[in-house]
Amino acid sequence: MRLTVLLAAVAGALVLAACGSSSSTSSNPAAPSSSTSSSSGSSGSTGSGSSVDISKCGPKPGVAATGSPINVGTIDTKQPGTDFSDGPNMINAYFACVNANGGVHGHPLKLFVQYEQTQPAQIAAAAKQLIQQDHVVAIDGVFSLLECTIDQSYWKQLGIYEMDAGIAPECWSTPNSAAVNMGPRYSSDGAVQYGLSQKPSKIVFVQSNVPGTGYIAAGPAALAKAAGVPITSLTENVPINDANSVALNLVNTAGSNGWVVLNFTPPEALVILQAAQKLGLEDRVKGWGCSTPCDTDFLAKALGPKWNHKLFINAEATNADDHNGPEMQQYKAIVAKYGSSVAGGIGSFSQFGFLLGKFFVQGIQNVKPPYTIANVNAALKGIKDFKSEMLCQPWVYGNYPLHIPNNADFTVTPNNGKMVTAQNCFNVSSDDPQIAAYRKVAGTAPSTNPPTS
């Protein structure tokens, strides 16, 4: 039934999808970007002018992997209004670092990227191409509106345990998918949860009109109901053509004591917020919130100081602006050295790509050649308590009927062109029945608050 509903929803988006680029595959081994130095050194800039040794991303610093490649696949949405390509581009950057420093037992990692435009048949065909033609042994890093819905039964049949930063419900509600992110539902939960803590008289939740809107809105609705606060859920077609009308409608619907929460990619959220500022509406409600995609300096810089501490964004990963531990420094240095194609630079999408690359490599370190679907995916399924500065909790895969391993996170707010942490690690509310179901089978992982230096 869920598939039927989502396929019906996507039918309305097919006109938009038809304008997108065709599916493409990148099968070249990950390599340093052309904008980097030709030197084989292993340092990169953190963005603060200092130099960080990033050679520890692999087991043999400075020694390029030369064995037969380990083929890995990913399927990602790339279309007008919804472009998730920073995710796979960052995985490629991380793999490039690993390949330049020994690979995995001497084998380089090779990422095959399939871009799709929310067309079910296209997504199903991409999965089969990855398996039957590209001979991938794992699916890592899916950033897609529909992929988990379309392919989850195929992966189950093959014994593949996908690792993703997903969107569709099945990314969290099925046994063969685990995400490093919370996705739009649980991230929106977190944004609404912060808004509710400020005691508004109403919540207005608005999101892009893409597949799965009902599933996403159900989480915020459950939290608002439990708090006894009325909520209005709205959708807007993307790309947004009349941002002024959207902003005015949100403010009028919320009222002066209301709280507005956006769930859009950064460019679409930006046009709404800029329209609100242009019309002088930013102070006409009690506050503004946004799900995780807004957690990027691109948005903070574009908004400027007028939005300082007025917009509160759910952050599924540690804020890169006010945290700079060893792992965060490595991430920033890899972006600088290998990530010229990561258009959004430092931000949530690239952080998720970094984690998906890192957790994949860490997960298969003890797997010896030959690399097969069976032995690689057994190792991935066995991942337990992988700790990261970027997450509030240790990350686990495990043998569960559903997977929401990232269910505690942060709130950030813009401050003079940067994002700063407004609220440290907190558990997303189990008033969302899906969160409650996961904690019932997997428990609640202890918080590992990252350093603030």
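See the structure shown above.
Every value quoted in this text rests on a predicted model; they were computed, and no experiment measured them. (Residues numbered from 1 in each chain as written. Predicted model: local features only at pLDDT ≥ 70, side-chain atom pairs only at ≥ 80, totals over all residues. Heavy atoms only, no water.)

Turning next to the packing of helix α12 (residues 326-338) against helix α13 (residues 348-363). Packing of α12 against α13 leaves a shortest axis separation of 11 Å and a crossing angle of 105°. Overall, the two elements α12 and α13 adopt an arrangement that is roughly perpendicular. The segment α12 lies against α13, with Glu 327, Met 328, Gln 330, Tyr 331 and Ile 334 engaging Ser 350, Gln 351, Phe 354, Leu 355 and Lys 358. The residue inventory of the contact of α12 with α13, partitioned by class, reads five nonpolar, three polar and two charged. (Axes fitted to C-alpha atoms, helices over the stretch in contact; angles between N-to-C directions. Helix = DSSP H or I, 4+ residues; strand = E, 2+ residues; numbered from the N terminus. Parallel < 35°, antiparallel > 145°, perpendicular 65-115°, else oblique. Contact = heavy atoms within 4.5 Å. Nonpolar A, V, L, I, M, F, W, Y, C, P; charged D, E, K, R; others polar.)

Take the nonpolar core next. Generally speaking, a soluble globular protein has its nonpolar side chains buried in company with each other. Leu 262 and Phe 360 are the most contacted members of the largest nonpolar core, which has 96 residues in total. For Leu 262, the residues in contact, after removing those within four places along its chain, are Val 206, Leu 250, Ala 269, Ile 272, Leu 273, Gly 289, Cys 290 and Ser 291. Cys 171, Trp 172, Val 192 and Phe 312 belong to the second-largest nonpolar core, a separate cluster that totals 28 residues. (Core = buried A, V, L, I, M, F, W, Y, C linked by side-chain atoms within 4.5 Å. Buried < 20%, exposed > 50% of the residue type's maximum accessible area, 1.4 Å probe, protein only.)

What follows is about unusual backbone geometry. Note the cis peptide between Val 238 and Pro 239, where omega equals -5°. When you line up the elements, Pro 239 lands in the loop between β11 (231-236) and α9 (243-254). In the segment running from Pro 369 into Pro 370, the intervening peptide bond is cis, with an omega of 0°. Structurally, the position occupied by Pro 370 is in the loop between α13 and α14 (373-381).

On to the packing of helix α7 (residues 183-197) against helix α8 (residues 213-227). At a minimum axis distance of 8 Å, the contact between α7 and α8 shows a crossing angle of 25°. Here α7 is positioned roughly parallel relative to α8, judged by the angle of their axes. At the point where α7 passes α8, the crossing takes the right-handed sense. Where α7 approaches α8, its residues Pro 184, Arg 185, Tyr 186, Ser 188, Asp 189, Val 192, Gln 193 and Leu 196 are matched on the opposing element by Tyr 215, Ile 216, Ala 218, Gly 219, Pro 220, Leu 223, Ala 224 and Ala 227. Among the residues making up the contact of α7 with α8, the classes are represented as 11 nonpolar, three polar and two charged. (Left-handed = near helix turned anticlockwise from the far one by under 90°.)

Turning our eyes to something else, we now look at the state of the cysteines. In this structure the tally under the stated criterion is four disulfides. Residue Cys 148 pairs covalently with Cys 171 via a disulfide, S to S 2.0 Å. A torsion of 95° about the S-S bond marks the disulfide between Cys 148 and Cys 171 as right-handed. Linking Cys 148 in helix α5 (residues 147-158) with Cys 171 in helix α6 (residues 170-173), this pair joins segments that are 23 residues apart in sequence. In this structure, Cys 148 and Cys 171 share a single accessibility class: buried. (Disulfide = S-S within 2.5 Å.)

By themselves these figures say nothing about function.
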